[in-house]
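Fold and geometry: a report
Each chain, letter by letter, is given below.
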Amino acid sequence: MATGLKPRTAAELRTAYLRQEMFPTIFCDGCGIGNVLNYTLWALDSLGLDLDRTVFVSGIGCSSRLSGYINADGMHTTHGRALAFASGIKAANPELTVIIFTGDGDGAGIGGNHLLHAIRRNMDLTVILVNNFTYGMTGGQAAPTTPDGSFSTTTPYGNIEHPLDICELARALGAPYVARWPVNVPAQPISSIAQGISKRGFALIEMLVPCPTAYGRRNGLKELERSWQWYREQTVLVDEWEWIEQFGSPEERAALGGKLKIGVFQDLERETFEDRWARLVARVRL
Ligand SMILES: Cc1ncc(C[n+]2csc(CCOP(=O)(O)OP(=O)(O)O)c2C)c(N)n1
């Protein structure tokens, strides 16, 4: 997103945005959650957002620790409940920019029902959902996003459940902005996070990140290069996917099986909860 602001170095961003006393982070070697934090800082900086008017909310999990590293108001809440807290903050003060960090377990597992209804309500919230295919903090149990056949502490013989596609769900529920990117490409996530924050209404940016400790070592992805290769081989851009679905050969269509779409799934305008609330208040006020 072109803003005309001079890009800062990573060190300058760290000083400007992070709580120095929180370092070192809790993240394991090779974890991708720190990259998501970095991308968020680049996005915030490119927008020139006033941090005094921005609140970071998270649930519980490794990814949910991110709210604590940013030197701004934040709430590190309870497992799965980040969106409930965030909705309350936004309802109380619609002037605030509210950004939610959550995990696949936090946001789509225990918090799945909150996710459905937050999207449906279309409050002006930005969710950055870190998908490492597992419940990382608790040691690697299967999550709703764990790929078919993957090994975890609760699926020692391979996962037999169909994984949930969070972005397709958000698209179907009408979220105005939905995107998914692997963490090994910086430019697209930074741009999507900035677009998500700028979008009026509910924005969901799902980030695919490696978890070498809890997920990777059980699935041949302990080395980061293997994760990058997995993202290269197992992800297909949305437009390409939709082209193959429509015009591809049966073999090309079959080859999509088990892969993940990446890119911008949805970018549209939809009346927000805040707009409707303002109209309601104007209508019923005596
Ligand atoms: C109500 C409740 N249930 C379970 C837990 C245990 N718990 C803490 S973190 C976590 C998993 C988080 O997974 P995810 O959201 O995918 O984040 P990650 O650690 O992988 O980044 C669980 C189950 C809890 N803290 N509270």
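Read on for a plain summary of the structure. (Residues numbered from 1 in each chain as written. Predicted model: local features only at pLDDT ≥ 70, side-chain atom pairs only at ≥ 80, totals over all residues.)

Of the regular secondary structure elements, the chain holds twelve helices and ten strands. Computed over the C-alpha atoms, the radius of gyration of the chain is 19 Å, within 12% of the 19 Å expected from 2.2 N^0.38 for a compact globule of 286 residues. For the chain, the spread of C-alpha atoms along the principal axes amounts to about 60 × 45 × 40 Å. With 286 residues in all, the chain has 44% of them scored as buried. The contacts in the chain between residues at least 6 apart in sequence include a share of 68% that link residues at least 24 apart. (Helix = DSSP H or I, 4+ residues; strand = E, 2+ residues; numbered from the N terminus. Rg over C-alpha atoms; globule rule 2.2 N^0.38 Å. Buried ≥ 20, exposed ≤ 12 C-beta atoms within 10 Å, placed from the backbone. Contact = placed C-beta atoms within 7 Å.)

To continue, consider the environment of Pro210. Tracing the backbone shows Pro210 in the loop between β8 (203–208) and α9 (224–234). Separated by 50 residues in the primary sequence, Pro210 and Leu260 place their C-alpha atoms 15 Å from one another. Ignoring any residue separated from it by four or fewer positions in sequence, one finds Pro210 in contact with Gly30, Gly32, Asn132, Gly216, Leu221, Leu224 and Ser227.

Another point: the packing of helix α4 (residues 82–92) against helix α6 (residues 112–121). Across the interface, α4 lies against α6 with an axial gap of 8 Å and an inter-helix angle of 35°. Between α4 and α6, the residues in contact are Leu83, Ala84 and Ser87 and His114, Leu115 and Ala118, respectively. Split by residue class, the contact of α4 with α6 holds four nonpolar, two polar and no charged. (Axes fitted to C-alpha atoms, helices over the stretch in contact; angles between N-to-C directions. Nonpolar A, V, L, I, M, F, W, Y, C, P; charged D, E, K, R; others polar.)

Pairing geometry for strand β7 (residues 177–182) and strand β10 (residues 260–267), over four bridges, is antiparallel. Its bridge partner lying in β10, Ala179 is registered against Val264. Here three bridges tie strand β9 (residues 235–237) to β10, and the two strands are oriented parallel to one another. The residue bridging Leu237 from the neighbouring strand is Ile262, located in β10. (Pairing = 2+ DSSP bridges.)

In terms of nonpolar packing, the biggest core is built from 69 residues, with Val36, Val57, Ile100, Ile128, Leu204 and Met207 touching the most fellow members. With eight residues, the top contributor of residues to this core is helix α2 (residues 33–47). Every residue in contact with Met207, bar those within four places of it in the chain, is listed here: Val36, Ile128, Val130, Asn131, Trp181, Val183 and Pro189. (Core = buried A, V, L, I, M, F, W, Y, C linked by C-beta atoms within 7 Å.)

A cis amide bond links Phe23 to the next residue, Pro24, at an omega of 0°. Mapped onto the secondary structure, Pro24 falls in the loop between α1 (10–17) and α2. Its identity is not glycine, yet Asn122 carries a phi of approximately 55°, on the positive side. In this fold, Asn122 is placed in the loop between α6 and β4 (125–131). The phi dihedral of Phe133 is positive, around 65°, even though this residue is not glycine. Position of Phe133 among the secondary structure elements: in the loop between β4 and β5 (134–135).

The environment of the ligand is formed by 17 residues, the closest being Gly61, Gly103, Gly105, Asp106 and Gly136. Broken down by secondary-structure element, the contributors of at least two residues to the shell around the ligand are α5 (104–110) and β5. Broken down by element, the residue count for the shell around the ligand peaks at three residues, all from α5. Of the residues in the shell around the ligand, the class split is six nonpolar, nine polar and two charged. (Near = placed C-beta within 6 Å.)

Across the six residues of β8, six count as buried, placing the element largely inside the fold. As paired elements, β4 and β8 share six bridges and run parallel to each other. By the bridge assignment for β8, Val127 is matched with Leu204. Both β7 and β8 contribute to a ladder of six bridges, which runs parallel. In the sheet register, Arg180 faces β8, and the bridge partner there is Glu206. In this fold, β7 hands off to helix α8 (residues 187–198), which returns the chain to β8; that crossover is right-handed. (Right-handed = clockwise from strand over helix to strand, strands pointing away.)

This part is about the packing of α2 against α8. Close contact between α2 and α8 brings their axes to 8 Å; oriented N to C, the two are set at 55°. It follows that α2 is oblique to α8 by the angle criterion. Of the two possible hands of crossing, α2 and α8 adopt the one that is right-handed. Residues Tyr39, Thr40, Trp42, Ala43, Ser46 and Leu47 of α2 lie in contact with α8, whose contacting residues are Pro189, Ile190, Ile193, Ala194, Ile197 and Ser198. Class assignment of the residues belonging to the contact of α2 with α8 gives a composition of nine nonpolar, three polar and no charged. (Parallel < 35°, antiparallel > 145°, perpendicular 65-115°, else oblique. Left-handed = near helix turned anticlockwise from the far one by under 90°.)

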